[in-house]
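# Structural overview for review
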Amino acid sequence: MVKPQGSPTAVLVAVDLVILTLREARLHALLIQRGIEPHSGRLALPGGFLKHPEEDLLDAAHRKLAEEASLGSEHPHLELLSVYGTPGRDPRGRVLSVAYLAIAPRLPEPTAGKNATQAYWVPVEEALSDHVRLAFDHRQILLDGVERARDKLERTALATAFCGSTFTISDLQEVYEAVWGVQLDPRNFYRKVQSVPGFIVPAGPIRKAESGRPARLFRPGPQVVLRPPMTRPNPTDKEPT
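What this report covers is the structure whose coordinates are included nearby. Just so it is clear, the structure is predicted and the values come from calculations on it, not from any experiment.

Another point: the pattern of salt bridges. Inspection of every chain in the model, using the stated rule, returns 12 salt bridges. For Asp-137, the salt bridge is made with Arg-89, and the minimal N-O distance between the two is 2.6 Å. Pair noted here: Asp-137 is in the loop between helix H2 (124–127) and helix H3 (138–155) and Arg-89 is in the loop between strand E5 (77–84) and strand E6 (95–103), with a separation of 48 residues, a long-range link. Residues Asp-137 and Arg-89 agree in their burial class; the two are buried. With a closest N to O distance of 3.1 Å, Glu-147 and Arg-232 form a salt bridge. One end of the pair, Glu-147, is in helix H3; the other, Arg-232, is in the segment after strand E9 (215–220), and 85 residues separate them in sequence. A residue is classified by how much of its surface remains accessible, and Arg-232, at 26% relative accessible area, is partly exposed. Via salt bridges that share partners, Glu-55, Arg-63, Lys-64 and Glu-67 belong to a single interconnected network.

Below you can see the structure in the form of structure tokens.
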């Protein structure tokens, strides 16, 4: 039977997740080991096809967060990253992937979901290295997600999404250093953070330290867009003191 001209092309729709967190002061991404073809045994981003034709894309993203990262009742930062639909990206046919960026603090050990044999937290620099071959175009999706996070740390309060409900300025500095891959001068960082109205606000009691001065606790403030921005230094430049 000849397909009528102008009839729609059959497209499969999937949701893929770039899930980022800090572990031992390093930026990590969640990767799964595929247990089915195509690319069986290869590492990939968590995700999958819509469960049924009526499933909302955002609902599918939350479902995969619960299945792959044990994030059910929690509410991580979740935003649309991009849509990937290059012909040939998936050997199963024309597949459109809607990618989301998820960020949350202190995420637990992952549990492999359906069609995966293992799930791992992998340091981002390792996941993007030449010796790791991610399935499909997931390397590009992960690269885009990491760069989105790096960029938004300059202009928005996204860094607080990596922290708990309360945190110290040292905790916040650890986020910037891990995501940007640079070292920052503590005094200069403190001045920059305090110069942005509404970025963070005091959160009551002081955290007792085992040694040194006790640290003040803060929580996210009402300001979403940072003015002035927290400018990302060039990794080759020395942070001014």
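Turning next to a nonpolar patch on the surface. A cluster of nonpolar side chains, Val-11, Val-83 and Leu-96, forms an exposed patch at the surface whose accessible area comes to about 210 Å². According to the relative accessible area criterion, Val-83 is partly exposed, its value standing at 45%.

So, about the layout of surface pockets. Of the volumes computed, that of the largest pocket is approximately 470 Å³. Every residue lining the largest pocket is counted, 26 residues in all, and those nearest its centre are Gly-47, Gly-48, Phe-49, Lys-64 and Asn-115. Put simply, the parts of the chain that give the lining of the largest pocket at least two residues each are strand E1 (12–23), strand E2 (26–34), strand E4 (47–49), helix H1 (57–69) and E6. In terms of residue class, the lining of the largest pocket is built from 10 nonpolar, five polar and 11 charged. By volume, the second largest pocket amounts to about 400 Å³.

Inspection of every chain in the model, using the stated rule, returns two aromatic pairs. A ring pair is formed by Tyr-176 and Trp-180, whose centres lie 4.9 Å apart and whose planes are at 70°; its orientation type is edge-to-face. A residue pair is termed a helical-turn pair when its members lie 3 or 4 positions apart in one helix, as Tyr-176 and Trp-180 do in helix H4 (residues 169–180) at four residues. Overall, the relative accessible area of 0% leaves Tyr-176 in the buried class.

So, on to H1. With 13 residues, H1 extends 18 Å from end C-alpha to end C-alpha; this agrees with the ideal 18 Å at 1.5 Å per step. Inspection of H1 places Ala-60, Ala-61, Arg-63, Lys-64, Leu-65, Glu-68 and Ala-69 among the buried residues, and these make up the whole buried set. Next to the buried residues of H1 lie E1, E2, E4, E5 and E6. The residue sitting at the N-terminus of H1 and contributing the capping side-chain oxygen is Asp-56; that oxygen lies 2.9 Å from the backbone nitrogen of Leu-58. Among the residues trailing H1, Ser-70 stands out with phi positive, at a value near 55°.

Basis of the calculations
- Residues numbered from 1 in each chain as written.
- Predicted model: local features only at pLDDT ≥ 70, side-chain atom pairs only at ≥ 80, totals over all residues.
- Heavy atoms only, no water.
- Salt bridge = Lys/Arg side-chain N within 4 Å of Asp/Glu carboxyl O.
- Helix = DSSP H or I, 4+ residues; strand = E, 2+ residues; numbered from the N terminus.
- Buried < 20%, exposed > 50% of the residue type's maximum accessible area, 1.4 Å probe, protein only.
- Patch = residues over 30% accessible without salt bridge, like charges linked within 9 Å, V, L, I, M, F, W, Y side chains within 5 Å.
- Areas by Shrake-Rupley, 256 points an atom, 1.4 Å probe, with all protein chains shown as cover.
- 1 Å grid on protein atoms, 1.4 Å probe; cavity = no way out; pocket = protein on both sides within 12 Å on 5 of 7 lines; lining within 4 Å.
- Points joined across faces, edges and corners; volume = space filled by probe spheres on them.
- Nonpolar A, V, L, I, M, F, W, Y, C, P; charged D, E, K, R; others polar.
- Phe/Tyr/Trp six-rings, centres within 6.5 Å; stacked < 30°, edge-to-face > 60°.
- Expected span 1.5 Å × (residues − 1).
- Contact = heavy atoms within 4.5 Å.
- Polar contact = N/O pair within 3.5 Å; in protein donor to acceptor, adjacent residues only side chain to side chain.

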